[in-house]
Amino acid sequence: MLHSAKYTILDEPTANLDQAKKVKIYRLLKNGSNFQNTIIITHDLNLAYKLGYDVLYLEEGNVRFFGSCGDFFDSSRLEGCFGNAVQNIGGNFVVNYDEVH
């Protein structure tokens, strides 16, 4: 932000943060006015969904999906990527650990 970089890459920006700090990071990223182009690497499906950015989903180093957030979080796409391990419950993504392989 200080250098007005053309690209900003954030790797797991909400990892190990308490809920209040996660909300601050989310608001910063959602506003987006501080960054020209942002790439976010995250395992946090809720963050990815709420931000609404385009999604590049990799599985074992291969591109499994690249497209809009809405297309990625479609229930059939989620099932194709995660089986029954991830469920959308009221706009929040919950992991069913009994289904993770």
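Before any of the text, the structure's been laid out above.
Cut-offs applied
Residues numbered from 1 in each chain as written. Predicted model: local features only at pLDDT ≥ 70, side-chain atom pairs only at ≥ 80, totals over all residues. Heavy atoms only, no water. Disulfide = S-S within 2.5 Å. Core = buried A, V, L, I, M, F, W, Y, C linked by side-chain atoms within 4.5 Å. Buried < 20%, exposed > 50% of the residue type's maximum accessible area, 1.4 Å probe, protein only. Contact = heavy atoms within 4.5 Å. Phe/Tyr/Trp six-rings, centres within 6.5 Å; stacked < 30°, edge-to-face > 60°. Patch = residues over 30% accessible without salt bridge, like charges linked within 9 Å, V, L, I, M, F, W, Y side chains within 5 Å. Areas by Shrake-Rupley, 256 points an atom, 1.4 Å probe, with all protein chains shown as cover. Salt bridge = Lys/Arg side-chain N within 4 Å of Asp/Glu carboxyl O. Helix = DSSP H or I, 4+ residues; strand = E, 2+ residues; numbered from the N terminus.

**Examining the state of the cysteines**
Then comes step 1: Scanning the entire structure with this criterion turns up 0 disulfides.
Then comes step 2: Cys69 carries a free sulfur, and the closest cysteine sulfur to it, the one in Cys81, is 13 Å from it.

**Looking at the nonpolar core**
Then comes step 1: Formed by Leu45, Val55, Tyr57, Phe65, Cys69, Phe72, Phe73, Leu78, Cys81, Val86 and Phe93, the largest nonpolar core amounts to 11 residues.
Then comes step 2: Non-local contacts of Cys81, meaning those with residues more than four positions away in its chain, are made with Tyr57, Glu59, Arg64 and Phe72.

**As for the packing of aromatic side chains**
Then comes step 1: Evaluated as defined, the whole model comprises 8 aromatic pairs.
Then comes step 2: Aromatic pair Phe72 and Phe73: ring centres 4.9 Å apart, planes at 90 degrees, arrangement edge-to-face. Considered together, Phe72 and Phe73 belong to a single accessibility category, that of buried residues.
Then comes step 3: Ring-pair connections join several aromatic residues into one group, and the members of that group are Tyr49, Tyr57, Phe65, Phe72, Phe73, Phe82 and Phe93.

**Structural notes on a nonpolar patch on the surface**
Then comes step 1: A cluster of nonpolar side chains, Tyr7, Ile9, Ile39 and Ile41, forms an exposed patch at the surface whose accessible area comes to about 410 Å².
Then comes step 2: Here Ile9 shows up in strand β1 (residues 8-11).
Then comes step 3: With a relative accessible area of 57%, Ile9 lands in the exposed category.

**So, the environment of Cys69**
Then comes step 1: Summarising the element assignment, Cys69 is placed in helix α3 (residues 69-72).
Then comes step 2: When the C-alpha positions of Cys69 and Tyr49 are compared, they lie 6.6 Å apart, and in sequence the two are 20 residues distant.

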